[in-house]
Amino acid sequence: MAKCTFKQFQEMYPSDAACLAKLMDVNYGGTEITCPGCGVDSKFHPLQKRRAFVCQLCGHHVYPAAGTIFHKSPTNLTKWFFVIYLMTSTRHGVAAKEVERQLGVTYKCAWRMCHEIRKLMASADYSGPLGGKGRHVEADETLVGGRARRHGKGKGRRAKKTVVMGMVERDGMLRTGPVPDDKTFTLEPIILENVVPDTIVTTDGHTSYQNLGLTYQHGVVKHSENEYVRYDHTFPDGKLQTIVHHTNTIEGHWSHFKRSIKGTHVHISAKHLWKYCAEFNFRRNYRVSHMLMFDRLISAMALPRIQEA
Ligand SMILES: [Zn+2]
């Protein structure tokens, strides 16, 4: 990963004014814009005491932080930017406790900041289709969470786990999220919605995937029979083509996700699980560049504004 060091980061965003200038860039495309107040091409200057820029001709104010997660937050922009930096620069994520310690804010505030950034990661992530002709997607589901209850009575006291479903295109994007259950009616439509027809799709032998062959080039590895890789040989246009079916890519993500959750957050509730999934999806999809992640997150805040126009 092309990583931005903390020193470089500090040089880019040393003050609230620098952060606000970045938001002005993202939301308005710079400080030389057509003024919404007087309608003339004008230059805007930052105000000292407010998160605003002012038109040098008519005095009209624009608020580049309005409508973003920083809006109405009394926390400094530099602190917000720093938490975004932390959450994008680690592979395992950051505990709210750690943010509390590093920023000197309350735990509640730290927790809220982390969750706002996770939601931002969800909206900044790749949302297009997965797969395509000749492309290969692995789909799988796993159980996440469930606190061990030592004081419960009997075996029936097992805490509830949540099913998380995931799809990953080899050399491409990943998408995961919690689902109500692992039945065909739940999993099949999700794959149909996200994966382009004719894609090569590999799953394990779970019966919920049994109809995928109608839409895809579906291959199954039977984990229950200790089969972890299967080679399918086909001869399109008379040439030998070998498809290697396995679900190692998605399973690698599951183990990374679970290990990180266990090590960093210890326990997360089913209610908030989607946000953690989104965080790990986003970091994995844009892992090539730390600065790209940072810019995508900042830019994602401008999206509602673009839709309005
Ligand atoms: Zn003006």
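This report concerns the structure included in the present document.

Rules of the game
- Residues numbered from 1 in each chain as written.
- Predicted model: local features only at pLDDT ≥ 70, side-chain atom pairs only at ≥ 80, totals over all residues.
- Helix = DSSP H or I, 4+ residues; strand = E, 2+ residues; numbered from the N terminus.
- Buried ≥ 20, exposed ≤ 12 C-beta atoms within 10 Å, placed from the backbone.
- Contact = placed C-beta atoms within 7 Å.
- Pairing = 2+ DSSP bridges.
- Axes fitted to C-alpha atoms, helices over the stretch in contact; angles between N-to-C directions.
- Expected span 1.5 Å × (residues − 1).
- Arc of directions from axis to C-beta.

**Quick look at the overall build of the protein chain**
Part 1 of the argument: When you go through the protein chain residue by residue, the secondary structure sums to ten helices and eleven strands.
Part 2 of the argument: With respect to the principal axes defined by its C-alpha atoms, the protein chain has extents near 75 × 60 × 35 Å.
Part 3 of the argument: In the protein chain, which comprises 309 residues, the share counted as buried stands at 31%.
Part 4 of the argument: A separation threshold of at least 6 residues defines the contact pool for the protein chain, and within that pool the share at least 24 residues apart is 55%.

**Digging into the sheet that holds strand β4 (residues 61-62)**
Part 1 of the argument: Judged by pairing direction, the sheet is antiparallel, and its four strands sit side by side in the order β1-β2-β3-β4 without closing on themselves. Of all the strands in the sheet, the pair left with one neighbour each is β1 (32-34) and β4.
Part 2 of the argument: In this sheet, strand β3 (residues 53-55) lies alongside strand β2 (residues 41-46) in antiparallel orientation, the contact comprising three bridges. Bridge pairing links Phe-44 to Cys-55 in β3.

**Here we look at the sheet that holds strand β5 (residues 136-144)**
Part 1 of the argument: With respect to topology, five strands assemble into an open sheet ordered β7-β6-β5-β8-β9, the strand pairing being mixed. Unpaired on one side and paired on the other, β7 (174-179) and β9 (217-221) mark the two borders of the sheet. On average, each strand axis in the sheet is tilted by 20° relative to the strand beside it, whichever way the strands run.
Part 2 of the argument: With five bridges connecting them, strand β8 (residues 200-204) and β9 associate as parallel partners. Counted as the bridge partner of Ile-200 is Gln-217 from β9.
Part 3 of the argument: Lying over the sheet, helix α8 (residues 273-285) contacts β5, β6 (162-169) and β7, oriented at roughly 175° with respect to β7.

**Overview of helix α7 (residues 248-265)**
Part 1 of the argument: The end-to-end C-alpha distance of α7 is 25 Å, a good match for the 26 Å that 18 residues give at a rise of 1.5 Å each.
Part 2 of the argument: Listed in full, the buried residues belonging to α7 are Ile-250, His-253 and Phe-257. The buried residues of α7 all sit within an arc of 55° when viewed along its axis, so they share a single face. The outward face of α7, more than 90 degrees from its buried face, is lined by the exposed residues Ser-255, Arg-259, Lys-262 and Gly-263.
Part 3 of the argument: Those residues of α7 that are buried are in contact with β5, β6, β7 and α8.
Part 4 of the argument: A positive phi of about 60° marks Val-266, the residue just after α7.

Just distances and angles here, no functional claims.
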